[in-house]
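# Breakdown of the fold
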Amino acid sequence: MERTYEPTPSPAPSPDIRQFLATQLNPPQMDAVSHGDGPLLILAGAGSGKTRVIAYRIAYIIRERQIPPWQILAVTFTNKAARELTHRVTELTGEDQARQVRMGTFHGLCARFLRSEIELLSRRYDRNFTIYDTDDQLRVLKRQFAEAGLNPKLVSPNAVLGAIGRLKDRLVSPAQAASASEAHNPFETAVATLYRRYQDALEAANAVDFGDLINLMLQLLENFPDVRQRYANRYRHVLVDEYQDVNEAQYRLVKAIAGDHRNLTVVGDDSQAIYGWRGADVRYILQFEQDFAECTTVRLEQNYRSTQTILVAAQAIEAGLTKRHAKELWTANRKGDPITGVVAGNETDEAQFVIREIDRLVVTGIAYRQIAILYRTNAQSRVLEEQLVRRRLPFQMVGGTRFYDRREIKEVIAYLHLLVNPYDADAFRRAGATRKGLGDTTIDKFVAWAAETSRPVVDGLISLLRAEATERPAPLINGAVEPDLDERSGVLGPLPWNRRAHELLLAYARDLDALITGLRTLSLPDLLDLLLKRTGFREYLLEHRDDNGEERWDNVQELKSVVTEYGASGADEGLRLFLENAALVSDADTIRAGPRDDVVTLMTLHTAKGLEFPAVFIVGMEEGIFPHSRALEEGNIDEERRLCYVGITRAMQSLYLVGCRSRSFRGMFVENDPSRFLRELPGELVRWVDGNGFRLDAARVMAMQSGAWPGHGASRAAGYWGGGTATGSPPNGSLPPVDPNRPPPPGAPTPIRPWSGQATRVGGPSASRQPSSGPSGLGIPNIREFNGPAPTPLRPGLENISGLRRASDLTPGIGRAQTPPAPPAPPSPTYGLDERVRHPSFGDGTVIEIEPGRGTEVMIQVKFDTVGVKKLSTGLAPLTRIP
DNA sequence: GGAGCTCTTGTTTTT
DNA sequence: CAAGAGCTCC
């Protein structure tokens, strides 16, 4: 096929489309959406309608430019984002077209591409490759420690796995890692050795890890020009979301596909780059204008999400960054309430404050689902969970331990993996370990035997069965099976295990054989049933495991309900789809609550990226927790700062930043200083309270801002406030007054690291698998059909208070919307007296009073049938009319 | 091979 | 503190 990359002349949008877009988008958004061919950089501040712009742009390319949808490739980082984008594009173009657009995550898309291409790349892989997750990786790696005679106590396998991951992010091969330039100390030498072995083990198992998904695809594109041409030709329009989070491999992947035609749109915000630890490099977005010199840059600087107060606070944190793209967010939203800064006593007080405050918010008409509690580390969720359960507040945790990471689930899935990928030795071991009587010794012997005789593990096992089925059962000589068991496929050779082990292996083989047959004849749910029954999995869990056997069995039952959703296709195809999902999909993606569930959401700050909530609590605002001690040690404060920026900008109306003086972990009490991020908040924006909600007096606020928890040893606080100003180094290693650009003082105590802990999760995967818009539903405007312009839902009365507009005001053509375009906030519904309404928490009720609230807010009083009279804001309360 | 015990150790974020 | 590794004993 001839490939030419002449830019299609970009026709001026037809007037009606342009007119319609003008009602939906502000001018810079419109510029981005209607940009023609060639590279486009969209710098999209928090809450500036980024996803909306991508969705509209895809729709625009299809509808207006008449590009076939299958020529469009849209890449995201998370499944959540991919799903949201699919959802929005579907609303704009209809299902038929949207389905043809190739949308997905980097990893998901690469997995998909590799299924059809990987055999070109190396004969060591085939299309049935298994995707190993972190747990699988670690198992394989630990085995390499043993085989290489390395002591896992001297070098931590986790650290080595991290190092290998980072090498892969930078496209460093095992051979390169072993070279002098990479390995210049004992650790790196060990890493190089283990990396080589690890990679060999993966290849032998026909398995790839997350890094391989990207890197193998890249190799394919870079080493096979015809393949690259094929992809570049097919995907004539490439869009990449969260571009600030790409690593080198991903960057080169994008370039390999879009480098020729250059129809590349990247969207991102360098202030929200929070994945440096995963190899992401902000540099790529900062350099986009050099990489693609002819690119057009559009800045989306109008924030539709947050109050001015919240935005200004976020910018105060952002201001401490050492480098960033020039970009100034502004909002036409109201000033809003002050931020609440909370000084609690300990982590229980912290949790109790949050809960009391949630109670209060709910009384004012906020629904549980409009509230999020965010924390730096998953371990912090535990106290919150305990208290929430105690107070019977409905909540969901997003993330934490993945459902598919549970041991019993991994064990069942290991069996399933074996049916698809007979080379998967790790799955063989894992499934084998659940079989009564089969121990490591026999399994090791078997795996070694299979490797020596060049048999995939499953084939080797089945061959035992075949040999047994011949006329001559295996006689034993000196406890070993007779060496020359003959069958059509050849001689098995000496089998180095005893009769008892042999019987156990045969039973394993019979089970797998039956399952392989089942793969052809049964539905996927039935196949799983057969698996559980034949292997006696329930008995194994109940007898064999800890006291939680019942609970574990319940989890397996959950797995059955998940699998049912893949039952439409045949077991074989359904199984492949299911396994791919199990490897690539996190709980954050599957366990998303449907819009019906009125629950408070708990998650990490990282997980919260891309979401928004009317009320947000960020807890653990302490040095060592947030910013995290490890980041402090490594001098990575910028990334923590960006994470804080992300957290703050999740909030639409109410923001609480909560920290505590002391916290117990590992059985000890530790005291951290207040987070620098707390202290950097502009004082006039914050209402400071203690854990009981009582206002802090001025002296205590000042103490707080100087780096000490107020009220904690009054003398201590008074001590360095005696002089009236906070210059000089305070005693006790407390931090000096706010100066975002200053590194921590040399004398600062080493912050104590947070402890780890297992976060338990509520709800199973089936609890909420229905597609949903997530908890952010409230703030996302309805997207109307392209061809059916709807009246613009002007948000009533969002007057620009107090002249807080930013520099963008002065920049011609940027960020200034004459008519505020459809802001991402729902129009406040109006209600009439005596109207019947429904609230997700309070039930049904009757409107008995309507009165003006703050600003343009309208407050109504509703007499609920069961809970009495409540005063609610029509803009915020999730009310629906009952006909 | 496996149960039950003590000891060590490791602590971020996720595709 | 809790999970995992390592040890002993059956």
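One can find the structure itself at the top, above this paragraph.
Just so you know, these numbers come straight off a predicted model, no measurement behind them. (Residues numbered from 1 in each chain as written. Chains lettered and ligands numbered in written order. Predicted model: local features only at pLDDT ≥ 70, side-chain atom pairs only at ≥ 80, totals over all residues. Heavy atoms only, no water.)

## Quick notes on the overall build of chain A
- In terms of helices and strands, chain A carries 34 helices and 28 strands.
- Looking at chain A as a whole, 57% of its 883 residues qualify as buried.
- Relative to all contacts within chain A whose residues are 6 or more apart in sequence, the contacts with residues 24 or more apart total 75%.
- Carbon together with sulfur atoms contributes 51% to the accessible area of chain A, which is approximately 36,100 Å² in total. (Helix = DSSP H or I, 4+ residues; strand = E, 2+ residues; numbered from the N terminus. Buried < 20%, exposed > 50% of the residue type's maximum accessible area, 1.4 Å probe, protein only. Contact = heavy atoms within 4.5 Å. Areas by Shrake-Rupley, 256 points an atom, 1.4 Å probe, with all protein chains shown as cover.)

## Quick look at empty space enclosed by the protein
- Across all of its chains, the model carries 6 cavities of 30 Å³ or more by this definition.
- Along its surface, the largest cavity is lined by 18 residues, and D133, D136, K410, I413 and H417 are the ones closest to its centre.
- Listed by contribution, the elements that provide at least two residues to the lining of the largest cavity are β4 (130–131), α19 (407–420), α20 (425–432) and α27 (571–584).
- Residue contributions to the lining of the largest cavity peak at 4 residues, all from α19. (1 Å grid on protein atoms, 1.4 Å probe; cavity = no way out; pocket = protein on both sides within 12 Å on 5 of 7 lines; lining within 4 Å. Points joined across faces, edges and corners; volume = space filled by probe spheres on them.)

## What to know about the side chain of K410
- Here K410 lies in helix α19.
- By relative accessible area, K410 is classed as buried at 8%.
- For K410, the side chain forms a polar contact with the side chain of D133, separated by 2.5 Å.
- Beyond its immediate sequence surroundings of up to four residues, K410 is in contact with D133, D135, D136, Y404, D405 and R430. (Polar contact = N/O pair within 3.5 Å; in protein donor to acceptor, adjacent residues only side chain to side chain.)

## Observations concerning the sheet that holds strand β19 (residues 613–618)
- What the 7 strands build is an open sheet, ordered β13-β18-β12-β19-β20-β11-β23; its pairing is parallel. The sheet is open, and its two edges are formed by β13 (395–397) and β23 (686–690), each paired on a single side. Each strand axis lies, on average, 20° off the axis of its neighbour in the sheet, ignoring direction.
- Sheet analysis places β13 next to strand β18 (residues 600–604), joined by 3 bridges and oriented parallel. Across the sheet, Q396 pairs through a bridge with T601, a residue of β18. (Pairing = 2+ DSSP bridges. Axes fitted to C-alpha atoms, helices over the stretch in contact; angles between N-to-C directions.)

## A few points about unusual backbone geometry
- Residue P627 follows F626 across a cis peptide bond; omega there is 10°.
- As for its position among the elements, P627 is in the loop between β19 and α30 (629–634).
- Backbone geometry places Q66, a non-glycine residue, at a positive phi of 60°.
- The topology assignment puts Q66 in the loop between α3 (50–63) and β2 (72–76).
- Of note, the phi angle at N206 is positive, near 55°, even though the residue is not glycine.
- With respect to the helices and strands, N206 occurs in the loop between α10 (186–204) and β5 (207–208).
- Owing to a relative accessible area of 1%, N206 belongs among the buried residues under this scheme.

## Digging into the protein's contact with DNA strand B
- Neighbouring DNA strand B are 32 residues, the closest being R376, G437, T441, T607 and R666.
- Within 4 Å of the protein, the atoms of DNA strand B are drawn from sugar and phosphate moieties in a proportion of 54%.
- Between DNA strand B and the protein, one listed contact pairs a sugar or linking oxygen with a side-chain N or O atom of R278 at 3.5 Å.
- H606 is positioned with one of its side-chain polar atoms (N or O) 3.1 Å from a base oxygen of DNA strand B.
- A total of 3 residues in the surface near DNA strand B trace back to one element, the largest contributor, which is helix α21 (residues 440–452). (Near = heavy atom within 4 Å.)

## Re the pattern of salt bridges
- The tally for this structure, following the rule as stated, stands at 47 salt bridges.
- A salt bridge links E242 to K50, with the nearest nitrogen and oxygen atoms 3.1 Å apart. Of this pair, E242 sits in the loop between β6 (237–240) and α13 (248–258) while K50 sits in helix α3, and the two are 192 residues apart along the sequence.
- Here E639 ties to R642 by a salt bridge, and the two come within 3.5 Å at their closest N and O atoms. One end of the pair is E639 and the other is R642, both in helix α31 (residues 637–648) and 3 residues apart, which spans about a single turn. Grouping residues by exposure puts E639 and R642 together as buried.
- If you follow the salt bridges from partner to partner, you end up with D133, D135, D136, R139, K410, D426 and R430 in one network. (Salt bridge = Lys/Arg side-chain N within 4 Å of Asp/Glu carboxyl O.)

## A short note on the nonpolar core
- Of all hydrophobic cores here, the largest spans 59 residues; its most connected members are F446, L464 and F578.
- Each residue touching L464, except ones within four places of it in the same chain, is listed here: F446, W449, L492, L495, W497, H502, L505 and L506.
- Core analysis: the next-biggest nonpolar cluster, separate from the first, contains 49 residues, F113, Y125, V246 and V254 among them. (Core = buried A, V, L, I, M, F, W, Y, C linked by side-chain atoms within 4.5 Å.)

## Overview of α27
- The end-to-end C-alpha distance of α27 is 20 Å, a good match for the 20 Å that 14 residues give at a rise of 1.5 Å each.
- Among the residues of α27, those classed as buried are A571, G574, L575, F578, L579, E580, A582, A583 and L584. (Expected span 1.5 Å × (residues − 1).)

## Focus on the packing of aromatic side chains
- On inspection of all chains with the given rule, the structure shows 21 aromatic pairs.
- Each ring, one from Y243 and one from F288, has its centre 5.7 Å from the other, and the planes form 85°; the classification is edge-to-face. Here Y243 is found in the loop between β6 and α13, whereas its partner F288 is found in helix α15 (residues 288–291), with 45 residues between them in sequence. Accessibility classification places Y243 together with F288 in one group, the buried group.
- Summarising the aromatic geometry, the rings of Y251 and Y284 are spaced 4.2 Å apart at their centres and angled 20° between planes, so their arrangement reads as stacked. Residue Y251 is found in helix α13, and its partner Y284 is found in helix α14 (residues 283–286); the two are separated by 33 residues along the sequence. For the pair formed by Y251 and Y284, the shared burial category is buried.
- Aromatic ring contacts, followed pair by pair, group Y415, F428, F446, W449, W497 and Y508 into a single cluster.
- For the cation-ring pair, R278 lies above Y275, with the distance from its terminal atom to the ring centre recorded as 4.7 Å. (Phe/Tyr/Trp six-rings, centres within 6.5 Å; stacked < 30°, edge-to-face > 60°. Lys NZ or Arg CZ within 6 Å of the ring centre and 35° of its normal.)

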